[in-house]
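# Inside the fold
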Amino acid sequence: MAAQQRPPIIERLVVIGLGLIGGSFAKGLRESGLCREVVGVDLDPESRRLAVELGVVDRCEADLAAACQGASVIQLAVPILAMEKLLRELAKLDLGDAVLTDVGSAKGNVVRAARLAFDGLPARFVPGHPIAGSEQSGVEASNSELFRRHKVILTPLERTDAAALQLVDTLWRALGADVEHMAVEHHDEVLAATSHLPHLLAFGLVDSLAKRSENLEIFRYAAGGFRDFTRIAGSDPVMWHDIFLANREAVLRTLDTFRSDLDALRDAVDAGDGHQLLGVFTRARVAREHFSKILARRAYVDAMHSNNVIFLANPGGRLSGRIRVPGDKSISHRSIMLGSLAEGTTEVEGFLEGEDALATLQAFRDMGVVIEGPHHGRVTIHGVGLHGLKAPPGPIYLGNSGTSMRLLSGLLAAQSFDVTLTGDASLSKRPMNRVAKPLREMGALIDTAAEGRPPMTIHGGRRLGGMTYEMPMASAQVKSCLLLAGLYAAGSTTVIEPAPTRDHTERMLRGFGYPVSVQGNRATVESGHKLIATHIEVPADISSAAFFLVAGSIAEDSELVLEHVGVNPTRTGVIDILRLMGADITLENPREVGGEPVADLRVRSAKLKGIDIPEDLVPLAIDEFPVLFVAASVAEGRTVLRGAEELRVKESDRIQVMADGLLALGAKVEPTPDGIIIDGGTLGGGDVHSHGDHRIAMSFSVASLRATAPIRIHDCANVATSFPNFLGLAAQVGIRVTEEGKS
Ligand code: S3P
C-alpha cells in the first residue's frame, strides 16, 4: 500500500546511499508526496540505474555537489564507517539551509565526525537511527512500508535547530514510524545492550561451535534453540564490523557487565546451585513476557491506554449458573509477602492472577525471591527468610495497587537497603501519610512527594522500635503495614483499630507459625520469631462475588451459585447489607480452608428496599459500596450511607464517581461528605466514566440488568487489576456486557 499522497512540504530530498534503508526512506517519501523531488546518490552505477527504474527516486546523481545543489533535506544512509569521509566532503560544499540527518546505528561517533568535519556541530544536523531492517539488502529491497510501526530514534543535541528537528520528525512519521527523541549517549547504551551485544553473542557462539572438530555433529543435531538464538548470526558481517568499531565504548561496558553475570551463572552450574539458576531463569522468563507485551503494546494498564477500553452493557438479562470468581486479592498479596519472608517453600493455590497481586509478586522477584508461576493459580515461593531480601535493581512499580504499596512500606522500613515505590496515575494520588507517619514514629526514614503522595522512598539500615498505635481510621492496610514492620521492631508492636477490619494478615501470620495476639480491637506482634513455609489455598474473592450477588438479586427470575467464596466475618458486610435490603442469599456447604472460612453462596432475585446502612458494617463492606449503590438505585425507597468518608480515597473518589454515573443514568442521588443518599427508582442508559477504577466499571456493568437502554462505561482497562476474566464470567451467567469493538 502506498503512503497517502499529501501536498509537498519540502522542495528536494537528497538521499546519499541507496541501500535498503536509504532506498526505503526515499521510496516512502516519494510516494507520500511530501517532497517535490527525490534525488539519489550512490557510488554504484547499477544501484543508481535500478533506483530510478524501480521508482525509488526521481533521478540520480553520481556527483555529490551536483546532487546537493538546492537540497532541502540530505539523508546520509551510507555504512557507518563511511560517514566520516562523507561528512568531510559535505563540509566543503555550500549546503545553504539544507537540513542534514543520518541513519547510523551508533550516534556518538557520527556526532564526533560531524563536529570535526564542520569545525563544530552544524545546528541543522539531526542525528537519527531507524530501528528497522531485514535480511534483504540493496536498493532492490527498498520498501516504502519498511518503517511502519518501527521505532526511529532522533538524538538532537543542545544546539540542534528546533525547526530542523521538527522537519525530520515529520518525515519519519509520514512513513508510519514511532519517533522518539533521546540523548546520544543514552541511545548508544541502549542499542549496545539490546542490539549490539546479542549480535556479538550470536556471531561468537556460532563461530566457537563451528571451530570445533565435531562441528558437523553439532550443526546436524542443532535443535530449535540453537537456530533461534543464532538467527542474527546471518546478518551482514561488514555492517556489524562497522557497528562494533563505531560503538566501541558502550559495547564494552555492556559486555563487561554481561561477562560477570555469565561468570555467576557458570559458578552456579559448577556449584550445583539450582536455586540460583531457577532465580535467573524465572526472572528472565517474566522479563521476556513483559517485554513481549511492551512490543504488542499491552504492558501494564497505564492511564493512557485505559482510556481506550469501553464496556458496552446492554439492558436486561436473567442470571443462572454456577461460577467461581477469581482468588481473593487481599489474601493473594499476603501469600506472596509472607511466603517470601518464610523459611522454606510455600505453595499457593487459587492465586489471583490480576495486575495488583502480580505487582506484589514482581516486587519480591525484584528483591531476589525466586517465585515460580503463576500457572493456573499455582505459585511456588522459595522463601528467603525475614532477613533475606536483596536491594531491587531500581524503583519498584506497583501499578494501581494501594495494598502493595502500603503493606510493602511496612516491611521495607526495616530492611538494610533503600527502595523507591512508584505507581500509576491513580495510585500516585493516594494518601500514604497514613502509613508513613506511624512508621516514622517507629524509627523509619521515609520520603514522599507533596502531601504524602507516592512515590515513597524508604531508607534502609534503620532500627525500628515497637509501639502501640491507635489508628485514626479503620484500615486493614495500615494495620497490616504496622504488623509487618513489627516483625522487625524491637519489643512488641500493637495496633488498635476503631472498628474491625479484615484480619487476613493476622490469620496468615499464624498460618506461617508466627505468634499474633488479638484481644478485642488490639493486635500485637513481637519480633524475634520466624515464618515457616506453608500451603495456602486462596478462596474466591467475596469482593468480586459481590457484583454477582447484586446482579442475581436485581435481575428478574435469576438464581446463581458462587462457589468457594471466602466468608471471613470481617468481609461479609455486603451479605449483611443486602439481606437487610431484602436479598435472598444463602450460605451452603460452609467449611474452613487454611484458616479462612469458605462457603458457596446461592443468590436468587428479590425485591430490594432502601435502608439506613448501619455504620458498623461500613469497614466490613468497604470495597463493595459501588455495587451496593447500584442495588440501592433500583430498590424501593431511600438508602442512606454515613461514616464512609474512606470511600473518597480509594482507587477513585467512589462517592463522587458513582454519584456522577448514577445521575447520568437518571437516578436520584445526593453525595454527602461521608456517604450518599439514594432514592431508588429506574435507571436509563447513557455514558458513564469509571475513572480507571475497576470496581466502578464492574458496578455499572451490573446496573445494565435494570437499565432501560445501553450503558457505555469508559476507562475500563483496570478491571484486570482485580478481576481478569470479568467479561467472560459475566457473559457466562447472562450479563450482556462486552468490550466495545470486540465480538
Ligand atoms: C485491603 C484493605 C482495604 C481495601 C483494599 C484491600 C487490604 O483498604 O479497601 O481493597 O487488603 O488490606 P483500607 O485499608 O484502605 O481500608
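Details of the structure are given in the entry above.
Just so we're clear, the structure is a prediction, and the values are computed from it rather than from any experiment.

### Remarks on the sheet that holds strand β16 (residues 419-422)
Taken in spatial order, the four strands make up an open sheet running β15-β16-β18-β17, and their pairing is mixed. With one partner strand each, in any of the chains shown, β15 (396-397) and β17 (445-449) form the two edges of the open sheet.

### Details of empty space enclosed by the protein
Applying the stated criterion to the full structure yields two cavities of 30 Å³ or more. Considered as a void within the structure, the second largest cavity measures approximately 30 Å³ in volume. Taken together, D328, I331, H504, P539, I542, G566, V567, N568, R571 and E596 form the lining of the second largest cavity. Along the lines of polarity and charge, the residues of the lining of the second largest cavity split into four nonpolar, three polar and three charged.

### Things to note about the site of the ligand
Every residue lining the ligand is accounted for by K329, S330, R334, T403, R406, S475, A476, Q477, R502, I622, D623 and K650. Between the ligand and S475 there is a distance of 2.6 Å, counted from an oxygen atom to a side-chain nitrogen or oxygen. Note that an oxygen atom of the ligand is positioned 2.6 Å from one of the side-chain N or O atoms of D623. Its free accessible area being 390 Å², the ligand has 96% of it covered by the protein chains. Looking at the shell around the ligand, the elements that each hand over two or more residues are α14 (329-341), α16 (402-412) and α18 (476-486). In terms of residues, the shell around the ligand owes the most to one element, α14, which gives three residues. Across the shell around the ligand, the residue classes tally to two nonpolar, four polar and six charged.

### Concerning the side chain of N109
You can see N109 is positioned in helix α5 (residues 108-118). Leave out the neighbours within four places in its chain, and N109 touches I80 and A246.

Parameters and conventions
Note that residues are indexed from 1 along each chain, following the sequence as it is written. Given that the model is predicted, a residue must reach a pLDDT of at least 70 before its local features are reported, and side-chain atom pairs must reach 80 or more before they are shown or counted; all residues, however, enter totals for whole chains, interfaces and linings. To get the side-chain values, all heavy atoms of the structure are used, and hydrogens and water are removed first. Two strands are counted as paired when DSSP detects at least two bridges linking them. Numbering goes from the N terminus for both helices and strands, where a helix is a DSSP run of H or I of at least four residues and a strand is a run of E of at least two. The definitions used throughout rest on a 1 Å grid laid over the protein atoms alone, on which a cavity is an enclosed set of points accommodating a 1.4 Å probe that cannot get out and a pocket is an open set flanked by protein within 12 Å on both sides along at least five of seven lines; lining residues are those having an atom within 4 Å of a point. Grid points are joined across faces, edges and corners, and a volume is the space filled by probe spheres set on the points. Here the nonpolar group is Ala, Val, Leu, Ile, Met, Phe, Trp, Tyr, Cys and Pro; Asp, Glu, Lys and Arg are the charged ones; every other residue, Gly included, is treated as polar. For this description, a residue counts as near a given molecule or strand if any of its non-hydrogen atoms is within 4 Å of it. Here a polar contact means two N or O atoms within 3.5 Å. Within protein one must be a hydrogen donor candidate and the other an acceptor candidate, and residues neighboring in sequence count only if both atoms are side-chain atoms. Reported accessibility uses the Shrake-Rupley method at a 1.4 Å probe radius. Residues are deemed covered only where the shown protein chains occlude them. What makes two residues a contact is simply this: any of their non-hydrogen atoms within 4.5 Å.

Nothing here speaks to function; it is geometry throughout.
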